[in-house]
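Here's the letter readout for the chains.
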Amino acid sequence: MTNPTLLVAKHTYLTRLKKKSFWWLIISPILLIAAAGLLGYGISYFSNDQPAKVAVIGPSTSREAISQSASKMNIKVSSITDEQSAQSALKKQSIDGILTLNDGQGTLVTQQKAPKIDKNQLQAVLSKLFLTTQAGNYGLTARQTAALMTPFSLKTTVQNQSSQQDADNNQAAKAVISVAVTIIVLLIVSTYASLIGNEIANEKSSRIMETLLAASSAQAQYFGKLLGITGLLVTQLLSYVVLGVGANLFGQQITMVKQALSYLTALTPAFLTYTFVFIIVATGLYLILAAIAASLVNDTSQVSQAMVPVTTLAMIPYVVGLASASNGGNNVVVRIFAYIPFMSQSTMPSLLANQYVNWWQALLSLTISLIALVALAQYGQKLYAKNVLSYSDENILKQLLASFKRS
C-alpha cells in the first residue's frame, strides 16, 4: 500500500466524517428504531383490553362467586340483575354481554366488539360453582365438599431454567435476524454505494480528476476512496457497538430496553462478529462496482443512473432473503445463494443463526466472498483507470457493459 493511497483514504474519510450528513446517517436509524419502539409501546399500552362489563342473571350466590374471580376472566360484573334491563342495556351498548345461569346451564351473549373474555377461566369458575351446588344437594358437608374440590397436586421443575430462557430468547432473536440482516445490508449497500459514487462524480464534474491523477495515480485514487468510504462504514458499525454496550450498562433499569437486550444477548459474540465482518466484505464488493460505475459519469446528475445496476443487484438477495426468512434452510435457492458473492451476505448469516449450516460452511462462504473481493478489487482498478478520464454522453449502462467487454 503506497503513501498516496493512504493520503487519499485519509482525505476521503475525514472530509465525509466532518459533514453533518454522515452523523445524521448514524443517528437516523437509532431515531427510527426508538420511534418504532415508542410507537409499539404506545399501541400496546393503549390497546390493553378493558374488562368486559357483563350482567349476570342468576342466583345471588353465583353472581358473588363470579365477582370474586372477575379479574381472572377479564370481566366486570354489572349491577343489573334482571333479564329485561340487561337486554335493554346490551342494545344500548352500555354493557358488553349477558351471562344467564339456570339449573347447571349457562348462556353467554356478547356484543360483536366486546373485549375478549377468558372463557376457559369462566368455564372453570362455573364448573366449581356447579360442583359446590351439587355437593350441597347431595347432603355433603362443607369439609367433604372442600376435599372433593381439591385439585390433584403436581409439582414441576425446570432442570435448567436459565438455559431454557436463553433458548427461548435465542429462537426469537433468530427469527428477527433472518429479516434484519437482509434489510440492514440493503440499506448499507445503497447508502455507501451512493457515497462513493458522489465522491468520484464530484471530482469528475469539477474537472479536477486530471490534477489528482497527475499528483498521484489512478490506483491511489481508486483504493484510497474505497478505503476511506469503508472506514466510514466501520465507524458507523463501531458506533452502534459502543451504543449497544452503553445501553447494556445503563439501560438495565428501563423495562423496555432490558427486554430488548435480553433477546440480543442470546446471540453469541462469535455470530455477531461474523455478521459484522460479512457486512463489511459484502459492502466492499458493492463499493467496487459502484466505483467502476461512477468512473463513467460526467457530472453528479448521472450518479443515480450509474447506481441503478448496483442497487438492482443488491435487491436480488434482499427479495430472496425476505421471501425465505421463515424456512430458508429448506430452500435450495437460498442454500445456493449462501455461497455466491454479492448474495451470501443476506442468506448465510440467517442460515447460521437458525442452525441450518455449520460454522465451517459459514466460514467457507465468507472466504469465497473475501477471494471475490480481492479479485474484483484488482480487476476494478484496471477498469477505473481506463474510465475515469473518459467523458462520454452515451448511456451509463451501455458504457459499463462495453467496459466489461473490453477488459
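Thoughts on the packing of helix α10 (residues 218–250) against helix α16 (residues 359–387)
Here α10 crosses α16 at 130°, and the two axes come no closer than 9 Å. Between α10 and α16, the interaxial angle falls into the category oblique. Of the two elements, α10 crosses α16, and the hand of that crossing is right-handed. Only Leu376, Ala377, Gln378, Gly380, Gln381, Tyr384 and Ala385 of α16 make contact with α10, whose side of the interface consists of Ala218, Gln219, Gln221, Tyr222, Phe223 and Lys225. Taken together, the residues of the contact of α10 with α16 break down into seven nonpolar, five polar and one charged.

Notes on the nonpolar core
Counting residues in each nonpolar core, the largest one holds 47 residues, and the members touching the most others are Tyr192, Ile196, Tyr222 and Met307. Elements represented by at least two residues in this core include exactly α2 (20–46), α8 (161–205), α10, α12 (269–294), α13 (303–323) and α16. Per-element accounting of this core gives the leading share, 12 residues, to α12. One finds Val320, Phe337, Leu351 and Ala362 within the second-largest nonpolar core, a separate group that totals 16 residues.

A word on helix α3 (residues 60–68)
Taken together, the buried positions of α3 are occupied by Ser62, Arg63 and Ile66. Down the axis of α3, the buried set is contained in an arc of 100°. They therefore lie on one face. For α3, the exposed residues set more than 90 degrees away from the buried face come down to Ser60, Thr61 and Gln68. Tucked into the core, α3 has its buried residues touching β1 (52–57), α4 (70–73), β2 (75–77), β3 (97–102) and α6 (119–137).

With respect to the sheet that holds β1
Note: strands within a sheet are paired through backbone hydrogen bonds, in either parallel or antiparallel orientation. One open sheet accounts for four strands, arranged β2-β1-β3-β4; its pairing is mixed. Edge positions in the open sheet fall to β2 and β4 (105–110), since each of these has one partner strand only. Neighbour to neighbour, the strand axes of the sheet diverge by 25° on average, direction disregarded. In this structure, β1 lies alongside β2, joined through three bridges in parallel fashion.

Examining the environment of Ser190
Within the element layout of this structure, Ser190 appears in helix α8. Since its relative accessible area comes to 29%, Ser190 is described here as partly exposed. Separated by 121 residues in the primary sequence, Ser190 and Thr311 place their C-alpha atoms 6.2 Å from one another.

Observations regarding the packing of aromatic side chains
Two aromatic rings, taken as a pair, are described by how far apart their centres are and by the angle between their planes. Under the counting rule described, the total for this entry stands at six aromatic pairs. Here the aromatic rings of Tyr222 and Phe223 are separated by 4.9 Å at their centres, their planes lie at 75°, and the arrangement is edge-to-face. Of the residues examined, Tyr222 reaches a relative accessible area of 1% and is grouped as buried. Given a relative accessible area of 18%, Phe223 falls into the buried group. Seen in terms of ring centroids, Tyr274 and Phe278 are 5.5 Å apart; in terms of plane orientation they differ by 90°. Their pairing is edge-to-face. Here Tyr274 pairs with Phe278, and both are found in helix α12, just four residues apart, close to one helical turn. You'll find Tyr274 and Phe278 in the same group, each marked buried.

Rules and cut-offs
Residues numbered from 1 in each chain as written. Predicted model: local features only at pLDDT ≥ 70, side-chain atom pairs only at ≥ 80, totals over all residues. Heavy atoms only, no water. Axes fitted to C-alpha atoms, helices over the stretch in contact; angles between N-to-C directions. Helix = DSSP H or I, 4+ residues; strand = E, 2+ residues; numbered from the N terminus. Parallel < 35°, antiparallel > 145°, perpendicular 65-115°, else oblique. Left-handed = near helix turned anticlockwise from the far one by under 90°. Contact = heavy atoms within 4.5 Å. Nonpolar A, V, L, I, M, F, W, Y, C, P; charged D, E, K, R; others polar. Core = buried A, V, L, I, M, F, W, Y, C linked by side-chain atoms within 4.5 Å. Buried < 20%, exposed > 50% of the residue type's maximum accessible area, 1.4 Å probe, protein only. Arc of directions from axis to C-beta. Pairing = 2+ DSSP bridges. Phe/Tyr/Trp six-rings, centres within 6.5 Å; stacked < 30°, edge-to-face > 60°.

All quantities given are derived from atomic positions and should not be read as evidence of function.
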